[in-house]
Amino acid sequence: MYSKDYEEILNAYKKMHLEGTSNDAAENTFDGKSLRFFFKPIKYIIDKTKSQTLIDFGCGKARYYYEAIEVDNKKFNNVLDYWKIQKHTLYDPGPEKYSIYPKDKADAVICIDVVEHIPEKDVINFIDNIFKLSNKFIFLNIACYPAVKSLPDGRNVHLSIKEPNEWKEIISNIRIKYPNISPYIICSTNRKKFISLF
C-alpha cells in the first residue's frame, strides 16, 4: 500500500513521539496543537453538513480532545464538547494508543498538518484513503513551507512541500472519484497565513 520510505519514516515518528526532538520534549512533540487554528471552521462545516461522527486522521497526541478549550470567551470541556460530535475516532500511527486504523467511515474526516509529512510517492494514495473514510466531508490543512524539525536522516519533516495551486490540482483529480464528499482544503504558507482552496 505504501512505500518502504513511508514505513521507515513512520518508525522515526514513533520514536519522536516517545523521545521528543531537539526542539520539543516528548509530551509536546506532535501533540495536536495545530488543531486550535481550525476549531471554528470545522465547527461551521460540522453544523452545515449535520455531521455526527468524526475521524481525526493523524491526531498526534490529541491534546484538545482532553483539554478544556475557550472559543469566543466561552469555555468547553474539550473540542468535542464544542463541536457536539456524537462519536469520534482518533487515529495516528505514531502514538501507540491511537495506532489502530479506523474500522468504520465517519461523516467528517479531518487531517491537520499531516499530508506534508508524507513522502511524495505516497501522498496521492494517502489523500485518497482519507476520502475513502468519509461519508460527507474531509477537512485538510497542508503546510506549504519547511518545518523547524528534521528527521533522523537529516531531511526536513515536511517531505511534500508544494504550492497551494499544486495541491489544488492533486485534490481536484482525486475528488472526481468521490462526488458525494466535499473537500475543505486550507494551505498554510507560513504559521499564521492560510489560503482556502475549496
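Provided above is the structure to which this section pertains.
Described below are features of the structure shown in this document. This one's a predicted model, so the numbers in the text were calculated from it and none came from an experiment. (Residues numbered from 1 in each chain as written. Predicted model: local features only at pLDDT ≥ 70, side-chain atom pairs only at ≥ 80, totals over all residues. Heavy atoms only, no water.)

### Section: the overall build of the protein chain
Next, step 1: What the protein chain contains, in helices and strands, is five helices and eight strands.
Next, step 2: Order of helices (α) and strands (β) in the protein chain, N terminus to C terminus: α-α-β-β-β-α-β-β-α-β-α-β-β.
Next, step 3: Taking 2.2 N^0.38 as the reference for a compact globule, 198 residues should give roughly 16 Å; the C-alpha atoms of the protein chain span a radius of gyration of 16 Å, in line with that estimate.
Next, step 4: Viewed in the frame of its principal axes, the protein chain has a C-alpha envelope of about 45 × 40 × 35 Å.
Next, step 5: The 198 residues of the protein chain split such that 55% are buried.
Next, step 6: A sequence separation of at least 24 residues applies to 73% of the contacts in the protein chain between residues at least 6 apart.
Next, step 7: Summing over all exposed atoms, the protein chain offers an accessible surface of approximately 10200 Å²; the carbon and sulfur share of this is 51%.
Next, step 8: Averaged over its 30 positive side-chain charges, the protein chain has a centre that lies 5 Å from the centre of its 26 negative ones. (Helix = DSSP H or I, 4+ residues; strand = E, 2+ residues; numbered from the N terminus. Rg over C-alpha atoms; globule rule 2.2 N^0.38 Å. Buried < 20%, exposed > 50% of the residue type's maximum accessible area, 1.4 Å probe, protein only. Contact = heavy atoms within 4.5 Å. Areas by Shrake-Rupley, 256 points an atom, 1.4 Å probe, with all protein chains shown as cover. Lys, Arg positive; Asp, Glu negative; His and termini not counted. Charge placed at Lys NZ, Arg CZ, Asp CG, Glu CD.)

### Comments concerning the sheet that holds strand β8 (residues 193–196)
Next, step 1: With respect to topology, six strands assemble into an open sheet ordered β4-β1-β5-β6-β7-β8, the strand pairing being mixed. Across the chains shown, the open sheet's two edge strands, defined by having one partner strand only, are β4 (87–91) and β8. Neighbour-to-neighbour, the strand axes of this sheet turn through a mean angle of 15 degrees, independent of strand direction.
Next, step 2: Note that strand β7 (residues 182–190) and β8 share four bridges and pair antiparallel. Residue pairing for β8: Ser188 is matched across the bridge by Phe194. (Pairing = 2+ DSSP bridges. Axes fitted to C-alpha atoms, helices over the stretch in contact; angles between N-to-C directions.)

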